[in-house]
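Chain and residue survey
Read off the chains here:
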There are 2 protein chains.
Amino acid sequence: MVEYLSSSLDPVFHALGDATRRAMLRQLAQSPRSVTELAAPHDMSLAAASKHIKVLESAGLISREVQGRTHTCRLNAAPLASAQEWLSYYEKFWTSRLDALEALLKAEDAAKAKPKSKPQPKSK
Amino acid sequence: MVEYLSSSLDPVFHALGDATRRAMLRQLAQSPRSVTELAAPHDMSLAAASKHIKVLESAGLISREVQGRTHTCRLNAAPLASAQEWLSYYEKFWTSRLDALEALLKAEDAAKAKPKSKPQPKSK
DNA sequence: TCCATATTCAACTTTATGGTTGAATATCTG
DNA sequence: CAGATATTCAACCATAAAGTTGAATATGGA
């Protein structure tokens, strides 16, 4: 039903790859904020914060309503749903398994074409 | 129980912000692969693919076992769990709600200090 | 040993990122 | 209108990213 282009995930994950921007999303999860409010907790110029906001905006993660001189930003979580959808594919790799062990089990499971009796010791 | 540093999400989300790397993770979800095998479907030099693999590796998303001249890469999904955990915070913003509408509702919900009777028409 | 295979390394190019500062623009307010 | 506030813009800088090519390294196999 909900179909997401893989390519549209690029800007979303990219936007999430920065702690400042993730923090801004958390702020917006509380309530809409102006640019100044969003910038306040972060130790950087307003112009820098403005750029981060633009990154979030162009990833579709926030929308902006201009009211006079202030821009009110709101969270738009929809693209996060598509990110989570992408990640959900991998749930089977950690659900109800220890992850390192899981990797081993999964490898043997899936690699039907590659029967390897045991891991070789490192040559170095 | 599982506690993840926000900072460790930076390299994870960054790694996911590239379609080539996401595709490589999908490949590895099928079975472990050598560098050559991982590179094959992607239209780039082996050296470029090798760099992508290194990005995934340093984000902790894959591990590598060197056996002779081939390096076998395996998926390590654990950091994806922490990414999903981060995203899960936002589930409430899309679960059982239309997303645009949801933003509105949520805004009213969370902004207890800001009772706005109805959305203002855009000033522009 | 010789050659092919697997992978990385080094150097380089181009473009993107994240930050700065100072000026510009627009709006609100007395 | 004048000044303060909100935000962006433009220019600039330093570093990182993503790709290339060609050489280096290591291993496997005849």
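Going by the structure above, here's the rest.
This is a predicted model, so every value here is computed, not measured.

**Describing the protein's contact with DNA strand C**
Surrounding DNA strand C, one finds 23 residues, the nearest of these being Lys51 and His52 of chain A together with Thr36, Ser50 and Arg64 of chain B. Val35 of chain B is positioned with one of its backbone polar atoms (N or O) 3.3 Å from a phosphate oxygen of DNA strand C. Within the contact set of DNA strand C, a phosphate oxygen lies 2.5 Å away from a side-chain nitrogen or oxygen of Ser50 of chain B. Broken down by secondary-structure element, the contributors of at least two residues to the surface near DNA strand C are helix H4 (46-58) of chain A together with helix H3 (35-39), helix H4 (46-58) and strand S3 (70-75) of chain B. Considering each element in turn, the surface near DNA strand C owes the most residues, five residues, to H4 of chain B. When its residues are assigned to classes, the surface near DNA strand C shows six nonpolar, nine polar and eight charged.

**Examining the sheet that holds strand S2 (residues 62-67) of chain B**
Residue and element names in this part refer to chain B. An order of S1-S3-S2 is seen for the three strands of this open sheet, with the pairing classed as antiparallel. The sheet is open, and its two borders are formed by strand S1 (33-34) and S2, each paired with just one other strand. Relative to S3, S1 runs antiparallel, the two being bridged by two bridges. What sits directly across from Ser34, in S3, is Thr72.

**Overview of the sheet that holds strand S1 (residues 33-34) of chain A**
Strand pairing in a sheet takes place through backbone hydrogen bonds and is either antiparallel or parallel in direction. Residue and element names in this part refer to chain A. Pairing in this open sheet of three strands is antiparallel, and the strands run S1-S3-S2 from one edge to the other. Because the sheet does not close on itself, it has two edges, and the strands there are S1 and strand S2 (62-67). Where S2 lies against strand S3 (residues 70-75), six bridges are found, and the strand directions are antiparallel. By the bridge assignment for S3, Ser63 is matched with Arg74. Sheet strands in contact with helix H2 (residues 19-30) are S1, S2 and S3, and its direction is about 90 degrees off that of S3. Of the strands in this sheet, S2 and S3 touch H4, which is tilted by about 120 degrees from S2.

**So, the protein's contact with DNA strand D**
Every one of the 24 residues lining DNA strand D counts as a neighbour, but Thr36, Ser50 and Arg64 of chain A together with Lys51 and His52 of chain B are closest to it. Across the atoms of DNA strand D situated within 4 Å of the protein, the share located in sugar and phosphate is 69%. Counting residues per element, the ones that place at least two in the surface near DNA strand D are helix H3 (35-39), H4 and S3 of chain A together with H4 of chain B. In terms of residues, the surface near DNA strand D owes the most to one element, H4 of chain A, which gives five residues.

**Some details on the side chain of Ser82 of chain B**
Of note, Ser82 of chain B is situated in helix H5 (residues 78-88). At 2.8 Å, the side chain of Ser82 of chain B forms a polar contact with the backbone oxygen of Pro79 of chain B.

**A few points about H4 of chain B**
Note that an α-helix has 3.6 residues per turn; residues three or four places apart therefore point the same way. Residue and element names in this part refer to chain B. Look at H4: 18 Å from first C-alpha to last across 13 residues, which is about the 18 Å you get at 1.5 Å a residue. If you check which residues of H4 are buried, you get Ala49, His52, Ile53 and Leu56. Angularly, the buried residues of H4 cover 100 degrees about the axis, an arc narrow enough to put them on a single face. Turned more than 90 degrees away from the buried face of H4 sit Ala47, Lys51 and Ser58, all of them exposed.

**Here's the deal with the packing of aromatic side chains**
Counted according to the given criterion, the structure contains nine aromatic pairs over all chains. Measuring from ring centre to ring centre gives 5.9 Å for Phe13 of chain A and Trp86 of chain A, while their planes differ by 75 degrees; the resulting arrangement is edge-to-face. In this pair, Phe13 of chain A is assigned in helix H1 (residues 9-16) and Trp86 of chain A in helix H5 (residues 78-88), connecting sequence segments 73 residues apart. Each member of the pair, Phe13 of chain A as well as Trp86 of chain A, is classed as buried. Between Trp86 of chain A and Tyr90 of chain A the ring centres are 4.9 Å apart and the planes differ by 40 degrees, which places this aromatic pair in the tilted class. In terms of burial, Trp86 of chain A and Tyr90 of chain A fall into one category: buried. An aromatic cluster is built from Phe13, Trp86, Tyr89, Tyr90 and Phe93 of chain A together with Phe13, Trp86, Tyr89, Tyr90 and Phe93 of chain B, whose rings are joined through pairwise contacts. The positively charged end of Arg26 of chain B is found above the aromatic ring belonging to Tyr89 of chain A, 3.7 Å away from the centroid. The positively charged end of Lys92 of chain B is found above the aromatic ring belonging to Tyr89 of chain B, 4.2 Å away from the centroid.

The rules we used
Residues numbered from 1 in each chain as written. Chains lettered and ligands numbered in written order. Predicted model: local features only at pLDDT ≥ 70, side-chain atom pairs only at ≥ 80, totals over all residues. Heavy atoms only, no water. Near = heavy atom within 4 Å. Polar contact = N/O pair within 3.5 Å; in protein donor to acceptor, adjacent residues only side chain to side chain. Helix = DSSP H or I, 4+ residues; strand = E, 2+ residues; numbered from the N terminus. Nonpolar A, V, L, I, M, F, W, Y, C, P; charged D, E, K, R; others polar. Pairing = 2+ DSSP bridges. Contact = heavy atoms within 4.5 Å. Axes fitted to C-alpha atoms, helices over the stretch in contact; angles between N-to-C directions. Expected span 1.5 Å × (residues − 1). Buried < 20%, exposed > 50% of the residue type's maximum accessible area, 1.4 Å probe, protein only. Arc of directions from axis to C-beta. Phe/Tyr/Trp six-rings, centres within 6.5 Å; stacked < 30°, edge-to-face > 60°. Lys NZ or Arg CZ within 6 Å of the ring centre and 35° of its normal.

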